[in-house]
Amino acid sequence: MPEQSHPTTGDTPADVSAATAATTPRRSDGPRVRPRNGLDRYFEISARRSTVARELRGGLTTFFTMAYIVILNPIILTSIDTGNGPGVDVAGNSLSFASVAAVTALIAGVMTILMGVVGRYPFALATGLGINAVVAVYAATQLSWPEIMGLVVLEGLLITVLVLTGFRKAVFEAIPPQLKTAIAVGIGFFLTIIGLADAGVIRQGSPLITFGVGGQLAGWPLLVFVVGLLLMAVLVVRKVKGALLIGIVATTALAIVIEAIADIGPRVGAENPRGWALQVPELPDEVVDSPDLSLLGNFSLFGGFERIGIIAALLIVFSIMIADFFDTVGTVTAVGAEGDMLDEHKNLPKSQPVLLVDSLAAAAGGAGSISSNTTYIESTAGVADGARTGLASVVTGVLFLVAMLFTPLVQMVPSEAAAPALVIVGALMITQIRHLVWDDMSLVIPAFLTIALMPFTYSITNGIGAGVVTFVLLRLAVGRRREIHPLMWLIAVIFVVYFALEPIQQLV
């Protein structure tokens, strides 16, 4: 395999993964590089064939691709209404939009910095999408905000125990290489569909989804997305350093100009379908806004058990825990593959600190009353732009802390400007598909279901679960029982329970 250079940096490494053309070989490849200073030594910047400038750039890129969560999380938590009013729980308590935004940025900043300093990998954390919607539904139908957040704290603490006992790492390493590769490919497609949905290229329709507005790429926001996508694609193939970051900034500037001239406004449900999907890109009236941190500590650890009973509460904890547990497995695998940081068994070296910080982040999100925090797949954007160490995470975390004060500036970046980066990263990641085994259907089917269910169900956990269950079943069917790791049997049973959770809840 000929050596290649990374599409966004132009640097040639000693050993390159052809799937992503990463700039940094694995730490076990080639001679060790003498660190230049204490910072270099601590983060292993030179050892991973990176530079401080590249880490700063990667941290910036990751932040801009996931900064939307500062606005989207309060939208989700305060918008679900089942009769009590938007964002009002069963006890009549409501959440403050401003406080949710500020605490979302705070927890994301603190835990991402902790990931960089302790985990020393370029993984960023924030409130988990999907989980926050589930939390909001429970608050609107069964539990008060403090009670559901208390259950989130408990599931985070349970995962922390699993990490400290070594169980979580053992599960990570028990998953076979075929499924780990499929996870990386599936997440590539998952990122792509997230980007297309965020930009409005694909939307809910009849019978399932539609293309743009009425089957056409109509409206200025969609034009902004297309321009951003083409610009980033050109920069990537031209091997321009910081291609994704340049594309996001340039596309945001274009969006601000277009909004100032055309006054498009937001897209709200079926109204104004040609509007901006989430944030309207316009210059804010004020730059600095003092953060409202009143939600910190607003949780009741065991209140949920008293309101709905022990079994029902435990089932909620279990469902959230499984989603947190395996979302991280998929994310770490995918981001590690993108940066060529996995070993020959597709495992992340020194992963224990990473898993520990991720589990603590889940508990921290509940304690902050803004839902479970988890490792973000958008970290692949920063890795694709050159990040290889925890220094990039420190940069991303600091920017989240700054965002607490400068929330109006964060709202300037529309999803149509950040979404193209996710599509480009998806294109980089799906090239891992060549590593899959194609001549054994007992391996092909689990890999296919893993890849297909992630984007089609909008869930990393569903994809991993389908792959694990069918892998165990089909390897058993072809008489290859000895190739099934003992832990895979347990994981398969857990996923069977997870998928059957609804009838189990009805039964009890």
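Residues take numbers from 1 onward in each chain, read along the sequence in its written order. It should be noted that, the model being predicted, local features are given only for residues of pLDDT at least 70 and side-chain atom pairs only at 80 or more, the latter also being counted only at that level, while totals for whole chains, interfaces and linings use all residues. The basis for every side-chain value is the complete set of non-hydrogen atoms in the structure, without hydrogens or water.

**Remarks on empty space enclosed by the protein**
Okay, so step 1: A cavity here means a set of points on a 1 Å grid, drawn over the protein atoms and nothing else, where a 1.4 Å probe fits but cannot get out; a pocket is an open set with protein on both sides within 12 Å along at least five of seven lines, and a residue lines either one if it has an atom within 4 Å of a point. Grid points are joined across faces, edges and corners, and a volume is the space filled by probe spheres set on the points. Applying the stated criterion across every chain yields a total of 2 cavities of 30 Å³ or more.
Okay, so step 2: What lines the largest cavity is simply Phe64, Ala67, Tyr68, Gln279, Val413, Pro414, Ser415 and Ala418.
Okay, so step 3: Residues are sorted three ways: Asp, Glu, Lys and Arg are charged, Ala, Val, Leu, Ile, Met, Phe, Trp, Tyr, Cys and Pro are nonpolar, and all the rest, Gly among them, are polar. Its residues assigned to classes, the lining of the largest cavity shows 6 nonpolar, 2 polar and no charged.

**Some details on a negative patch on the surface**
Okay, so step 1: Grouping into patches uses exposed residues only, defined as over 30% relative accessible area, and leaves out salt-bridged ones; the cut-off is 9 Å for like charges and 5 Å for nonpolar side chains (Val, Leu, Ile, Met, Phe, Trp, Tyr). Accessible areas in this description were obtained via Shrake-Rupley with a 1.4 Å probe; residue shielding takes into account the shown protein chains only. Each reported salt bridge corresponds to a side-chain nitrogen of Lys or Arg within 4 Å of a carboxyl oxygen of Asp or Glu. By the counting scheme adopted, Arg and Lys are positive, Glu and Asp are negative, and His together with the chain ends is not counted. Charged groups are reduced to one reference atom each: NZ for lysine, CZ for arginine, CG for aspartic acid, CD for glutamic acid. On the surface, Asp263, Glu282, Asp285, Glu286 and Asp289 cluster together to form a negatively charged patch.
Okay, so step 2: A helix here means a DSSP run of H or I that spans at least four residues, while a strand means a run of E at least two residues long, and both kinds are numbered starting from the N terminus. Here aspartate 285 shows up in the loop between helix H10 (243-262) and helix H11 (303-308).

**Brief notes about helix H9 (residues 220-237)**
Okay, so step 1: Helix length check: H9, at 18 residues, gives a terminal C-alpha distance of 26 Å against a target of 26 Å (1.5 Å per residue), a fit within 8%.
Okay, so step 2: Where H9 is concerned, the buried positions are Pro221, Leu222, Val224, Phe225, Gly228, Met232, Leu235 and Val236. Relative to the axis of H9, the buried residues are bounded by an arc of 155° and lie together on one face. Away from the buried face of H9 by more than 90 degrees, exposed residues Leu230 and Val237 are located.
Okay, so step 3: Only heavy atoms enter the contact rule, under which two residues are in contact if any of them lie within 4.5 Å. Lining the buried residues of H9 we find helix H8 (177-199), strand S2 (202-204), H10 and helix H17 (415-429).
Okay, so step 4: Downstream of H9 by one or two residues, lysine 239 has phi in the positive range, about 60°. Take the residue count of a helix, subtract one, and multiply by 1.5 Å to get its expected span. Accessible area is worked out with a 1.4 Å probe on protein chains only. A residue is then buried under 20% of its type maximum, exposed over 50%, and partly exposed in between. This arc corresponds to the set of directions leading from the helix axis out to the C-beta atoms.

**Section: unusual backbone geometry**
Okay, so step 1: Positive phi, normally seen in glycine, also occurs at arginine 120, with a value near 60°.
Okay, so step 2: The residue arginine 120 is located in the loop between helix H4 (97-119) and strand S1 (125-127) in this model.
Okay, so step 3: The backbone phi angle of serine 371 is positive, close to 85°, even though this residue is not glycine.
Okay, so step 4: Structurally, the position occupied by serine 371 is in the loop between helix H13 (352-367) and strand S4 (373-375).

**Overview of the packing of helix H7 (residues 167-174) against helix H20 (residues 486-499)**
Okay, so step 1: All axes here are fitted lines through C-alpha atoms, helices being fitted over the stretch that makes contact, and every angle between N-to-C directions spans 0 to 180 degrees. Where H7 meets H20, the closest approach of the two axes is 9 Å, and the angle between their N-to-C directions is 100°. In terms of orientation, H7 lies roughly perpendicular with respect to H20. Listed contacts from H20 to Phe167, Ala170, Val171 and Ala174 of H7 are Leu487, Met488, Leu490 and Ile491.
Okay, so step 2: Grouping the constituent residues of the contact of H7 with H20 by class yields 8 nonpolar, no polar and no charged. Between 65 and 115 degrees an angle is taken as roughly perpendicular, under 35 as roughly parallel, over 145 as roughly antiparallel, and anywhere else as oblique.

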